[in-house]
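Here are the chains, one letter per residue:
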Amino acid sequence: MVLRPAAFKPRFTRGAALADPAHIARPVNVEDIQSEVLRCAEDGERLRVAGGGTAANALWRTDENLLTLDHFVGIESADLERGRVWVRAGTRLGALAESLAVNNLALPMDGWPAGATIGGAVSVGAHGSGPTLCNLSAHVTAVGLITADGVLRRVTADNDPALFGAARLSLGALGVVSHVELECDLARPMRVRRFKSALEDTLARLPELRTHAAQLSFEWFPGTGVTRIRTAMATEASPRSETNSAIGREWLMRNAGHWMLAHASDRAPRFAHRAQRLALQLLPESERIEAAPAPAAQALLRQAELLEYQLAVDDLGDALQQLEHLLKALNLRGYLALEVGFIAADDIWLSPAFGRDSAFVRLKRFRGIEQDSIAKTFADVMERHDARPHWGSPHGQDASALAGLYPRWQDFIDLRARLDPRGVFLNDYLSRLLGVRQP
Ligand SMILES: Cc1cc2nc3c(=O)[nH]c(=O)nc-3n(C[C@H](O)[C@H](O)[C@H](O)COP(=O)(O)OP(=O)(O)OC[C@H]3O[C@@H](n4cnc5c(N)ncnc54)[C@H](O)[C@@H]3O)c2cc1C
C-alpha cells in the first residue's frame, strides 16, 4: 500500500543560496537510491541528501552530488492497531499529517514546519514542546538506512541496538534514510490556550504547568518582564477556532508584525523596548479546540531564522536571568523575541535531549538585521549552561565542544568511520562539525 499524500512543491528555503550541486538525483524507488550511492562511492565522489531544505545551516550543502527524495513519498504500510506507519523519507510532515488524520492518527509532536520531510526532521531531531513529549526521532521504531556499500538495512532496537541508537538522528552522516517507522499518537482534540503572565510568575508556575499540560511553551521579550504562555490539554470538547480577531492578530504578527517591529527597532534602537511592549499588546490571548496537532504555517512572509539551544530543564531559570542581566549590562538593544519550550529525555546518541529532560530556548533573527552581538551573547549564555545546539540551527560549536556535551559522541564517530570509511556522506561543514578528516 502506498498512500500518496497531497502533491508537494519542492522548496528549498535556503537551497538556492547554499547548494550548487554538480549533479542532482531524484530517485523514485529504493533501487535508484542504492545505485546513486554506489555510483558516488565507486567514483570517489561525495553525496548529500536534501529533505525540505529547511535546516538553516550548511548541513546539506554540496557542490558535488545532491540526492533529493521529492519523488519518494507516501506511507508504504501501516499497522493501525499499534499506530505505526512505515513512511518514505521524502514525505513532507504536512502531507504526512493529512494522511494520518484519515486514519485518526496524528504526528507525535506539535508546531513542526509543514515543509520539512520526515527523513530530514528525524535526521536533525525536530521537536514540538511538552514536558513529556520527546523529539520526533524518539518516536521512530525502525529506520531504513542505505549505507555507503549500497546495502539497505532495516534497523531496529532488537536487530542492531547500537546502530539504532545512532541512526534515528544521524545528520545524514551514516547514509541515506530511505524510510522510517513512526509510532504515532491517536488524533484527539486539544484545548489550546494562550495567555500572558509575568516572567517571574511563569517561572514559578512551571512545575505545576509541566504536570498538567500536554504541550507547553512560552514567548518572552527580554526586558519587558512579560511572557505569553501556550498550553494544550486533551479534551472531549468539539473542535472550535478562536475569534477572528485573534486569528488575524496572530497571523499579522507572525508574518509581518515581528519583522516590521524588528526593522523599526534596528533603525531606532532606543524604541526597541517600546516595540516589544507593542508586540505583547498585539499578540492575542486566545483559546481554541483543535482536532489534532496542526503544522506550523509553511511559508512565513517575513522569515525569521531560529537560533536554538537545548539545556537541562533545571538550568532554565538561571539561564534566562543571566541573559536578561547581560543584555542590560552590555546595553545591547534590539527587538528580541524568544521562545521557550520543553522536550523529554531520550537515549539517542546525538539527540540534544540525550539523558536529560530539556528546555529549549529559541532566538528569532529577522532577515536583513544584524544582531551579531545579541546572538553572540545569547550563544555564550547558553553554552555556559552546557546547552546543546539544535542541529538544524546555525551555531559555532565545534567537534571538541560537542564531544564534551554528548556522552556517546565518540561511539557515533567510530560507527560513522566503520560504515563510511571513504566519507561518501560528508561535506565540509559536517567534517568540521564531527572533527573528521576527509580521506
Ligand atoms: C519555519 C520553520 C519552523 C521550524 N520549526 C521548528 C520546530 O518547531 N521544531 C524544530 O525542532 N525545528 C524547527 N525548525 C527546524 C526544522 O525542524 C528542520 O529544519 C527540519 O526538521 C529539517 O527537515 P528538512 O526535511 O527540511 O531537512 P533538510 O534541511 O533538507 O536536511 C537536514 C539534514 O538532514 C539530512 N537529511 C535530510 N533527509 C535525509 C534523508 N532522507 N536521509 C539522510 N539524511 C537526510 C540532510 O542531509 C541534512 O543534513 C523549523 C524550521 C523552519 C524553517
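Everything numeric here is computed off the predicted structure, so don't read it as measured data.

Within the protein, the secondary structure is distributed over 13 helices and 18 strands. Based on the C-alpha atoms only, the size of the protein along its principal axes is roughly 60 × 50 × 35 Å. Counting every position in the protein, which comprises 439 residues, the buried fraction comes to 46%. Within the protein, counting contacts between residues at least 6 apart in sequence, those at least 24 apart form 75% of the total.

Residues in contact with the ligand amount to 32 residues; listed here are only the nearest, Gly51, Gly52, Gly119, Gly120 and Gly172. Of all elements in the fold, only strand S2 (47-50), helix H4 (118-124) and strand S9 (176-183) reach the threshold of two or more residues within the shell around the ligand. In terms of residue count, H4 provides more of the shell around the ligand than any other element does, five residues in total.

A few words now on the packing of helix H9 (residues 316-329) against helix H10 (residues 372-384). One way to put it is that H9 packs onto H10 with a least axis distance of 10 Å and a crossing angle of 145 degrees. Every pair of crossing elements has a handedness; the one defined by H9 and H10 is right-handed. Counting all contacts with H9, which are made through Ala319, Gln322, Leu323, Leu326 and Leu327, the residues of H10 involved are Thr377, Phe378, Val381 and Met382. When grouped by side-chain class, the residues that make up the contact of H9 with H10 number seven nonpolar, two polar and no charged.

Spatially, five strands are ordered S4-S5-S9-S7-S8 in an open sheet, and the strand pairing comes out antiparallel. Among the strands making up the open sheet, the edge pair consists of strand S4 (75-79) and strand S8 (152-155). For this sheet, the mean angle separating the axes of adjacent strands, direction not counted, is 15 degrees. Sheet strands touched by helix H2 (residues 30-43): strand S7 (140-146), S8 and S9. Its angle to S9, the strand with the most contacts, is close to 140 degrees.

What follows is about the sheet that holds S2. Taking strand neighbours across the sheet as the criterion, the three strands line up as S1-S3-S2 in an open arrangement whose pairing is parallel. Since the sheet does not close on itself, it has two edges, and those belong to strand S1 (23-25) and S2, each with one partner. When the angles between neighbouring strand axes are averaged without regard to direction, this sheet yields 25 degrees. Direction of pairing for S2 relative to strand S3 (residues 65-68): parallel, over a ladder of four bridges. Note on S3: the bridge partner recorded for alanine 50 is threonine 68. Docked against the sheet, H2 engages S1, S2 and S3, running at close to 170 degrees with respect to S3.

For the rest of this paragraph, the subject is the nonpolar core. Among the nonpolar cores identified, the biggest contains 116 residues, and Leu107, Ala121 and Val180 are the most heavily contacted of them. Shared between two domains, this core holds at least three residues of each, these being domain 1 (15-186 + 409-434) and domain 2 (190-291 + 300-389). Sequence-distant contacts of alanine 121, that is, excluding residues within four places in its chain, are made with Leu93, Trp112, Ala116, Ala126 and Leu136.

Here the focus is helix H12 (residues 409-419). Buried within H12 we find Phe412, Leu415, Arg416 and Leu419. End-on view of H12: buried residues confined to an arc of 100 degrees, all on one side of the axis. Those residues of H12 that are exposed and angled more than 90 degrees off the buried face are Gln410, Asp414 and Arg418.

Even without glycine at this site, leucine 171 takes up a positive phi of about 55 degrees. Turning to its location among the elements, leucine 171 is positioned in the loop between helix H5 (161-167) and S9. Positive phi, close to 55 degrees, is recorded for asparagine 331, a residue that is not glycine. Relative to the helices and strands, asparagine 331 is located in the loop between H9 and strand S16 (338-343).

Our focus in this paragraph is the pairing of S8. Relative to S8, S7 runs antiparallel, the two sharing four bridges. In the strand pairing of S8, leucine 145 is matched with arginine 153. Linking two consecutive strands that pair antiparallel, namely S7 and S8, is a turn of five residues; a positive phi of about 80 degrees is found at glycine 150 within it.

As a further point, take the confidence of the model for the protein. Across the protein, pLDDT averages 90, with 93% of residues at or above 70. Below pLDDT 50 for its whole length, residues 1-17 participates in 32 contacts with residues either more than four positions away or in separate chains.

In this section: the domain arrangement of the protein. With domains assigned, the protein is organised as domain 1 (15-186 + 409-434) and domain 2 (190-291 + 300-389). When each unit is reduced to the centre of its C-alpha atoms, the spacing between domain 1 and domain 2 is 28 Å. Facing 22 residues of domain 1, the contacting portion of domain 2 comprises 21 residues. Residue assignment for the side of domain 1 that touches domain 2 shows that the elements contributing at least two residues are H5 and H12.

Pairing between strand S11 (residues 190-198) and strand S13 (residues 226-234): nine bridges, direction antiparallel. Directly across from arginine 193, in S13, lies its bridge partner threonine 231. One ladder, built from five bridges, connects S11 with strand S14 (residues 286-290); its direction is antiparallel. Note on S14: the bridge partner recorded for arginine 191 is isoleucine 289.

The next thing to look at is the packing of helix H7 (residues 244-267) against helix H8 (residues 272-282). Between H7 and H8, the least distance of the axes is 10 Å, while the angle of their chain directions is 175 degrees. It follows that H7 is roughly antiparallel to H8 by the angle criterion. Between H7 and H8, the residues in contact are Arg249, Met253, Gly257, His258, Leu261, Ala264 and Ser265 and Ala272, Ala275, Leu278, Ala279 and Leu282, respectively. Of the residues assigned to the contact of H7 with H8, the class counts are eight nonpolar, three polar and one charged.

What follows is about helix H6 (residues 199-212). Taking 1.5 Å of rise per residue, the 14 residues of H6 would be expected to cover 20 Å, and the 19 Å separating its terminal C-alpha atoms lies within 8% of that figure. The largest bend along H6 measures about 55 degrees and falls at leucine 206, with the proline proline 207 one to four residues further on.

What counts as what
- Residues numbered from 1 in each chain as written.
- Predicted model: local features only at pLDDT ≥ 70, side-chain atom pairs only at ≥ 80, totals over all residues.
- Helix = DSSP H or I, 4+ residues; strand = E, 2+ residues; numbered from the N terminus.
- Buried ≥ 20, exposed ≤ 12 C-beta atoms within 10 Å, placed from the backbone.
- Contact = placed C-beta atoms within 7 Å.
- Near = placed C-beta within 6 Å.
- Axes fitted to C-alpha atoms, helices over the stretch in contact; angles between N-to-C directions.
- Left-handed = near helix turned anticlockwise from the far one by under 90°.
- Nonpolar A, V, L, I, M, F, W, Y, C, P; charged D, E, K, R; others polar.
- Pairing = 2+ DSSP bridges.
- Core = buried A, V, L, I, M, F, W, Y, C linked by C-beta atoms within 7 Å.
- Domains from an automatic or database assignment.
- Arc of directions from axis to C-beta.
- pLDDT = per-residue confidence, 0-100.
- Parallel < 35°, antiparallel > 145°, perpendicular 65-115°, else oblique.
- Expected span 1.5 Å × (residues − 1).
- Bend = angle between axes of the 7 residues up to and from the residue.

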